[in-house]
Amino acid sequence: MLPWVVRRTRLPLLSLLCVDCGSESATTGEGRFRVNANGKLLHVWLLVRCVSCNRTRKLAVHERAPVTSLDPAELAGYHANDPELVASRLLDPLFARRNRFTLDWKGAWRLDTPSAWLDEAWPVKVEVVFEDPVPVRPDRLIAHRLGLSRNEVLRRITCDIPLRRPTSAGFTITVMAGD
Ligand SMILES: [Zn+2]
């Protein structure tokens, strides 16, 4: 079985309305947190900025969390603006839902495929795995990578999940020989 790997090439942008200029795109830039301790309570925000007017906005990661409820290593990561922590918070679906943004993955990911394709005997089985939660439509991914028309995808591909619904969970496809 051939592995195809979906992985990000950078952090995605955020689709988030700017109250100043009306732009709907924001970035985490180099990735910064702000931590504020108020007695025994902590606030942690991820800072994002509008790509068009640079207005900065704070997205709540923790609000009024008891200091003792946070893992000290995690807290140190917020203070250090740890890039992995920035990525894991940004890509956390709960964080996105709470702060009312969606991720804009355009141009922020790639599909890595082995070149051994031509040596395989038909039908070819491909396993698509996700290193990052990029939502992709299986039919488009397959059509694009194999240079197939929509009709060919329908005729030659079988897949263990619906072909037209975006997913970021792994799936398997089988490609039949062409005519
Ligand atoms: Zn703006």
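Residues numbered from 1 in each chain as written. Predicted model: local features only at pLDDT ≥ 70, side-chain atom pairs only at ≥ 80, totals over all residues. Heavy atoms only, no water.

*Asks:* Before we go on, may I ask you to explain the overall build of the protein in this structure?
*Replies:* Assigned secondary structure in the protein consists of five helices and 10 strands. Computed over its C-alpha atoms, the radius of gyration of the protein comes to 21 Å, more than 25% above the 16 Å expected for a compact globule of 179 residues. Each principal axis of the C-alpha distribution contributes one length, and for the protein these read about 70 × 40 × 25 Å. Residue burial in the protein is summarised as follows: out of 179 residues, 39% are buried. Considering only contacts within the protein whose residues lie at least 6 apart along the sequence, 64% involve residues at least 24 apart. When the accessible surface of the protein is totalled, it reaches about 10,700 Å², and 49% of it is carbon and sulfur. The distance from the centre of the 26 positive side-chain charges to the centre of the 20 negative ones in the protein is 7 Å. (Helix = DSSP H or I, 4+ residues; strand = E, 2+ residues; numbered from the N terminus. Rg over C-alpha atoms; globule rule 2.2 N^0.38 Å. Buried < 20%, exposed > 50% of the residue type's maximum accessible area, 1.4 Å probe, protein only. Contact = heavy atoms within 4.5 Å. Areas by Shrake-Rupley, 256 points an atom, 1.4 Å probe, with all protein chains shown as cover. Lys, Arg positive; Asp, Glu negative; His and termini not counted. Charge placed at Lys NZ, Arg CZ, Asp CG, Glu CD.)

*Asks:* Can you help me understand the pattern of salt bridges in this one?
*Replies:* Opposite charge on two side chains allows them to pair when their charged atoms are near. Applying the stated criterion across every chain yields a total of seven salt bridges. Here Arg 7 and Asp 112 are joined by a salt bridge, their closest N and O atoms 2.3 Å apart. Remark: Asp 112 occurs in strand S7 (residues 109-112) and Arg 7 occurs in strand S1 (residues 2-8); sequence separation between them is 105 residues. When its relative accessible area of 22% is taken as the criterion, Asp 112 is described as partly exposed. (Salt bridge = Lys/Arg side-chain N within 4 Å of Asp/Glu carboxyl O.)

*Asks:* I would appreciate a short explanation of the side chain of Arg 156 in the present structure.
*Replies:* Within the secondary structure, Arg 156 sits in helix H5 (residues 150-156). Buried within the structure, Arg 156 lacks any salt-bridge partner; Glu 152 is the closest side chain of opposite charge, at an N-O distance of 4.0 Å. Leave out the neighbours within four places in its chain, and Arg 156 touches Trp 122, Leu 148, Thr 174, Val 175, Met 176, Ala 177 and Gly 178.

*Asks:* In this structure, what is going on with the sheet that holds strand S10 (residues 171-175)? I would like to understand it.
*Replies:* Whenever strands of a sheet pair, they do so through backbone hydrogen bonds, lying parallel or antiparallel. If you trace the five strands from one edge of the open sheet to the other, you get S7-S1-S8-S10-S9, paired in mixed fashion. Every other strand in the sheet has two partners, leaving S7 and strand S9 (157-159) as the edge strands with one partner each. Direction aside, neighbouring strands of the sheet carry axes that sit 20° apart on average. Taken together, the five bridges between S1 and strand S8 (residues 124-130) define a ladder with parallel strand orientation. Within S8, the position partnered with Val 5 by the bridge is Val 129. (Pairing = 2+ DSSP bridges. Axes fitted to C-alpha atoms, helices over the stretch in contact; angles between N-to-C directions.)

*Asks:* Is there a simple way to explain the side chain of Asp 132 in this structure?
*Replies:* Note that Asp 132 resides in the loop between S8 and helix H4 (138-146). Classification of Asp 132 by relative accessible area gives buried; the value is 13%. Looking at Asp 132, its side chain comes within polar contact range of the main-chain nitrogen of Arg 8, at 2.9 Å. Beyond its immediate stretch of four places on either side in the chain, Asp 132 contacts Val 6, Arg 7, Arg 8, Leu 91 and Trp 105. (Polar contact = N/O pair within 3.5 Å; in protein donor to acceptor, adjacent residues only side chain to side chain.)

*Asks:* Any chance you could explain the packing of aromatic side chains here in plain terms?
*Replies:* Each aromatic ring pair is characterised by the separation of its centres together with the angle its planes make. Per the counting criterion, the structure on display carries three aromatic pairs. Positioned above the aromatic ring of Trp 45, the side-chain terminus of Lys 58 is 4.0 Å from the ring centre. (Phe/Tyr/Trp six-rings, centres within 6.5 Å; stacked < 30°, edge-to-face > 60°. Lys NZ or Arg CZ within 6 Å of the ring centre and 35° of its normal.)

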